[in-house]
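Structural overview for review
Spelled out from the first residue to the last, the chains are:
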Amino acid sequence: MGTAGAVTLAGCGVLSSDQTESDDSGITLGVAIPEDGRWANEGQLLQAGYLLATQHLNSGVGPMVADGEYEPPFGELGGGLLGETVELAVANTTSTAEGAQQAVGELAEKDATAIIGGGSPAEGVGLQTAAAEEELVYMSGFTPTNQLGGSECSRFGFNGVYNSRLAVDALGTVMPEFLPETERTFAQVYPESNFGEELLSTVQNRLSETTRFRENRDFATQVGAGGYTDTLEDVLSTQVSLIVLNFTGLNGAIALRDLAELAEERGREDIYAIVPVMSRELLRNAGDALSINGNRVLGTVPWTPEFEDPFSSRFIDSWADADVASELDAPEVPSALSYLAYVQLYQYAGAVERAGSTNPDDVIAELEGQEFSISPGTTTMRACDHQAIQPVPVVEGLPDIRQSPGEYTSLVETASVAYDCDSGPASNCEL
């Protein structure tokens, strides 16, 4: 693992965990992202969002600045934080929970005032646990697990992205109209990992409670298997047409491509696929498998550039004007993960300014119960479980001919879903 480093980002330069340059001034935010391993591409997209947010925060431009009738959602910011320049220190999580915990320790040694990041659910749990031990506020990256606002919740941690419960509930609002009336059973394929099994049980429980759909069978696979043809052949032999693929990242893309190939070989035009949690890496690599014999794959994303609210429009315009994408080899169209990272850093910065301090107790008090309105809709950071409750964008894959770099889906619905503080994952949370 590289050593965490900090640099001043007045010019928005690219960072890596190997850098150690710092002028020992300003406010340091600790960025914990996967620079290698399974989630390295997700880490790159998150890093791009953090870099752009830091550039805007230090220079006072972009969506953080009022313009005419536009009012920034977390207050107008610029010129750094509390009058000081903001620096980013970066540590490599190595795409593992263990690496994430070690990264927090490295960042604490660099005097980070908070931890932001995480490119997977396992990393998020590791980061939140370690940040609490260091008594540092943790703002999650792409960590859509029930655990962060449930059994592993923490007074110091805030999950700004929907979890698997909210994703499945959002899909449940769309599925009855999206799928033929004759479809009533489904099969699940899942990797034997904590998040794979979390998705498995969430889909089983929530779809049976809220929709007409009932599970037929589930099929387990090894984590990181190179292909899923054998398992999917077993699935198709059951004659089930609706298949839920509980994979994320590149594994999800491989599973979709294997399923599309088998469906074509067997002439199965009745195959429908759902991937509950989608990311840019999955979508980009799935390609033409986002439509299986003309049936578009259904899933959820944290954000889509199709949104046209004032904040999203300014974010997209700022992305085009900045050099972050070219320096990081990031796509010209900003990803949901870059947007998520930008919002999380900005949300923390706004809380610090309102608190007038980076003291965790003061910042936590400002974050708890905060409500703001940007895409995908009005969001509340709940005080009871530190889980963001917001509408969830449900999307369908585009046919290959309609895809372009960074644009792989079409928005179906922004579903308003929630659960009470004494139910769902929150019932297991004790802050």
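Our structure's up above, just so we're on the same page.
Please read these numbers as outputs of a predicted model, since none were measured by experiment. (Residues numbered from 1 in each chain as written. Predicted model: local features only at pLDDT ≥ 70, side-chain atom pairs only at ≥ 80, totals over all residues. Heavy atoms only, no water.)

A separate point is the pairing of strand β14 (residues 371-374). Alternating positions in β14 separate cleanly, Phe372 and Ile374 being buried on one face and Glu371 and Ser373 remaining unburied on the opposite face. In the sheet, β14 pairs with strand β15 (residues 377-381) via four bridges, with the strands oriented antiparallel. Within β15, the residue paired with Ser373 across the bridge is Thr378. Hairpin geometry of β14 and β15 is characterised by an intervening segment of two residues between the two adjacent antiparallel strands. (Buried < 20%, exposed > 50% of the residue type's maximum accessible area, 1.4 Å probe, protein only. Helix = DSSP H or I, 4+ residues; strand = E, 2+ residues; numbered from the N terminus. Pairing = 2+ DSSP bridges.)

The grouping of Asp230, Glu233, Asp234, Glu261, Glu264 and Glu265 at the surface amounts to a negative patch. Those elements that provide at least two residues to the negative patch are α6 (229-236) and α7 (249-265). (Patch = residues over 30% accessible without salt bridge, like charges linked within 9 Å, V, L, I, M, F, W, Y side chains within 5 Å. Areas by Shrake-Rupley, 256 points an atom, 1.4 Å probe, with all protein chains shown as cover. Salt bridge = Lys/Arg side-chain N within 4 Å of Asp/Glu carboxyl O. Lys, Arg positive; Asp, Glu negative; His and termini not counted. Charge placed at Lys NZ, Arg CZ, Asp CG, Glu CD.)

Counting residues in each nonpolar core, the largest one holds 82 residues, and the members touching the most others are Tyr50, Val137 and Met175. The leading source of residues in this core is helix α11 (residues 336-355), at 13 residues. Dropping the residues within four chain positions of it, Tyr50 is found in contact with Val31, Ile33, Leu88, Ile116, Gly117, Gly141, Ala341 and Leu345. In terms of nonpolar packing, the next biggest core, distinct from the first, is built from 32 residues, Ala187, Tyr228, Ile292 and Val297 among them. (Core = buried A, V, L, I, M, F, W, Y, C linked by side-chain atoms within 4.5 Å. Contact = heavy atoms within 4.5 Å.)

We now examine the side chain of His386. The residue His386 is located in the loop between β15 and β16 (388-389) in this model. Residue classification places His386 among the buried residues on the basis of a relative accessible area of 1%. In this structure the side chain of His386 is engaged in a polar contact, spanning 2.7 Å, whose partner is the side chain of Glu368. Those residues in contact with His386 that lie beyond four places of it in its chain are Ser154, Arg155, Gly157, Phe158, Asn159, Ile364, Glu368, Met381 and Leu431. (Polar contact = N/O pair within 3.5 Å; in protein donor to acceptor, adjacent residues only side chain to side chain.)

Where helix α1 (residues 40-59) meets helix α9 (residues 310-321), the closest approach of the two axes is 11 Å, and the angle between their N-to-C directions is 95°. With respect to α9, the element α1 is oriented roughly perpendicular. Taken together, the residues of α9 that come into contact with α1 (itself represented by Ala48, Leu52 and His56) are Phe315, Ser318 and Trp319. Classifying every residue of the contact of α1 with α9 by side-chain character gives four nonpolar, two polar and no charged. (Axes fitted to C-alpha atoms, helices over the stretch in contact; angles between N-to-C directions. Parallel < 35°, antiparallel > 145°, perpendicular 65-115°, else oblique. Nonpolar A, V, L, I, M, F, W, Y, C, P; charged D, E, K, R; others polar.)

So, on to unusual backbone geometry. Each neighbour pair has its own omega, and for Ser375 with Pro376 the value is 15°, a cis peptide bond. Here Leu82, not a glycine, exhibits a phi torsion of approximately 55°, which is positive. Structurally, the position occupied by Leu82 is in the loop between α1 and β3 (86-92). A positive phi angle is found at His386, which is not glycine, with a value near 60°.

The next thing to look at is the state of the cysteines. One pass over the structure, following the stated rule, counts two disulfides. Across a sulfur-sulfur distance of 2.2 Å, Cys153 and Cys429 are joined as a disulfide pair. Negative torsions about the S-S bond denote left-handed disulfides, and the value of about 100° found for Cys153 with Cys429 makes this one right-handed. Of this pair, Cys153 sits in the loop between β5 (137-140) and β6 (157-158) while Cys429 sits in the segment after β18 (409-415), and the two are 276 residues apart along the sequence. Residue classification places Cys153 among the buried positions, given a relative accessible area of 13%. Paired through a disulfide, Cys384 and Cys421 show a sulfur-sulfur distance of 2.0 Å. Measuring the twist about the S-S bond at about -75°, one finds the Cys384-Cys421 disulfide to be left-handed. One end of the pair, Cys384, is in the loop between β15 and β16; the other, Cys421, is in the segment after β18, and 37 residues separate them in sequence. Here Cys384 falls in the partly exposed class, since its relative accessible area comes to 27%. Exposure remark for Cys421: the relative accessible area of 37% places this residue in the partly exposed category. The cystine pairing of the protein, numbering bonded cysteines in sequence order, is 1-4, 2-3. (Disulfide = S-S within 2.5 Å.)

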